[in-house]
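Observations on the model geometry
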Amino acid sequence: MNTAPSSSINGTPDVGEDSVRSALEASQPFEWSDPEPLSQSYSVPAEYPLDALPVPIQDAAKEVARFAKVPAASPAVVGISVVATALGKSVVIEERPGLMHYPTLFHLIVAASGERKSPVFKHMQGPLAQWEIDREPEWKEAKQKAEAASVTSRKMIGMLEKKIKPGMTDSERDAIERQIAAEHGRMVAPPPAPRLSTSDITEERLFQLMHERGGAFAVMSGE
C-alpha cells in the first residue's frame, strides 16, 4: 500500500496514515472493570415511605397491592400521579416569598416484564378515566352550542357583508362594522374534550393539549 507523506497547514503537522498505524499497533488493549453498585451503604433497599402519603392514597395502594400481588410502592406512585393530574394548576407552591411554582411532578417505576404494571395502573388511574366518561355528555352539549353559535355568526357576517356598498356614509359603515365585530365576539371555540392525560403522544400534540387546557395535562402509561 502506498501512503502519502505527512504534510502541514499553517505550521500544524497533519496526522499521516503511518503515524496512525503506529499508534494503533502501540496501543494497549483496554479491559473494563467489573461494575460497582451505585450505593454500598446497605444491601437491602429502604422500604417505600407509604405512611408519608395521604390516607386515601395509602388505603388504595394497600388494597391494590394486596389483590394484585405487587409491592405497595407501585400503586402508591401511580396514586400520587393521579392526584397531581387531578389538581392540575389549581394549586400553587411557594418556594420562598415571591417565588411561586405549579406542582409539576415526574414519576417513574422500573419493573421487569410480567410484574403486573398494567393492572396496577388501570386500577389506580380508573377515577381519571371515569371522570372523563361522566363529563362527556355535558361536553358534547357545550360543543354543539359553540358550533351552532359560530355557524349563526358566520351567516350573519355574510349577510352584513352584502350590505357593504360603494358610497356609504361613515355612519352607515360604522354601524355595519360594529355589527360584524359583535358577531365575531359571539363566535367561541368549542371547549376541549374532558381529557386529563394520555399515554403516548408527540411533543407537538402535547403542547397543543396543554394550551387548550390552560397548561395542565399529564402523560401517564402503565408500560
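Residues numbered from 1 in each chain as written. Predicted model: local features only at pLDDT ≥ 70, side-chain atom pairs only at ≥ 80, totals over all residues. Heavy atoms only, no water.

The next point concerns the overall build of the protein chain. Check the secondary structure of the protein chain and you find six helices and six strands. Across the protein chain, helices and strands are ordered from the amino to the carboxyl terminus as β-β-α-α-α-β-β-α-α-β-α-β. Restricting the contact set of the protein chain to residue pairs at least 6 apart, pairs at least 24 apart contribute 54%. Of the roughly 17200 Å² of accessible surface on the protein chain, a fraction of 57% belongs to carbon and sulfur atoms. (Helix = DSSP H or I, 4+ residues; strand = E, 2+ residues; numbered from the N terminus. Contact = heavy atoms within 4.5 Å. Areas by Shrake-Rupley, 256 points an atom, 1.4 Å probe, with all protein chains shown as cover.)

Another point: the pattern of salt bridges. With the rule as written, the count across this model stands at seven salt bridges. Here Glu141 ties to Lys145 by a salt bridge, and the two come within 3.6 Å at their closest N and O atoms. Here Lys145 and Glu141 lie together in helix H4 (residues 117-162), a separation of four residues that amounts to about one turn. The class of Lys145 is exposed, set by a relative accessible area of 56%. (Salt bridge = Lys/Arg side-chain N within 4 Å of Asp/Glu carboxyl O. Buried < 20%, exposed > 50% of the residue type's maximum accessible area, 1.4 Å probe, protein only.)

Our next topic: the side chain of Ser74. For Ser74, the position within the fold is in helix H3 (residues 73-87). Setting aside its immediate chain neighbours within four residues, Ser74 contacts Ile109 and Val120.

Time to look at the nonpolar core. Formed by Val64, Ala65, Ala68, Val70, Val78, Val82, Val120, Phe121, Met124, Leu128, Ala218 and Met220, the largest nonpolar core amounts to 12 residues. Here this core gets four residues from one element, more than from any other, and that element is H4. Sequence-distant contacts of Ala218, defined by excluding residues within four places in its chain, comprise Thr85, Leu196, Ser197 and Thr198. Listed in part, the six residues of the second largest apolar core include Leu50, Leu53, Ile57 and Ile80. (Core = buried A, V, L, I, M, F, W, Y, C linked by side-chain atoms within 4.5 Å.)

As a further point, take unusual backbone geometry. Phi is positive for Lys69, which is not a glycine, with a value near 60 degrees. Here Lys69 lies in the loop between helix H2 (55-68) and H3. On the basis of relative accessible area, Lys69 is assigned to the exposed category, the value being 68%.

The subject of this paragraph is H3. With 15 residues, H3 should reach 21 Å at 1.5 Å per residue; the first-to-last C-alpha distance of 21 Å fits that figure. Within H3, the full set of buried residues consists of Ser74, Pro75, Ala76, Val77, Val78, Gly79, Ile80, Ser81, Val82, Ala84 and Thr85. Close packing links the buried residues of H3 with H2, H4 and strand E6 (218-219). Count one or two residues on from H3 and you reach Gly88, which has phi positive near 60 degrees. (Expected span 1.5 Å × (residues − 1).)

Moving on, we get to the packing of H2 against H3. Their axes nearest at 8 Å, the elements H2 and H3 cross at an angle of 140 degrees. Overall, the two elements H2 and H3 adopt an arrangement that is oblique. The hand of the H2/H3 crossing is right-handed. Facing H2, whose interface residues are Ile57, Ala61, Val64 and Ala65, H3 presents Pro75, Ala76, Gly79, Ile80 and Val83. (Axes fitted to C-alpha atoms, helices over the stretch in contact; angles between N-to-C directions. Parallel < 35°, antiparallel > 145°, perpendicular 65-115°, else oblique. Left-handed = near helix turned anticlockwise from the far one by under 90°.)

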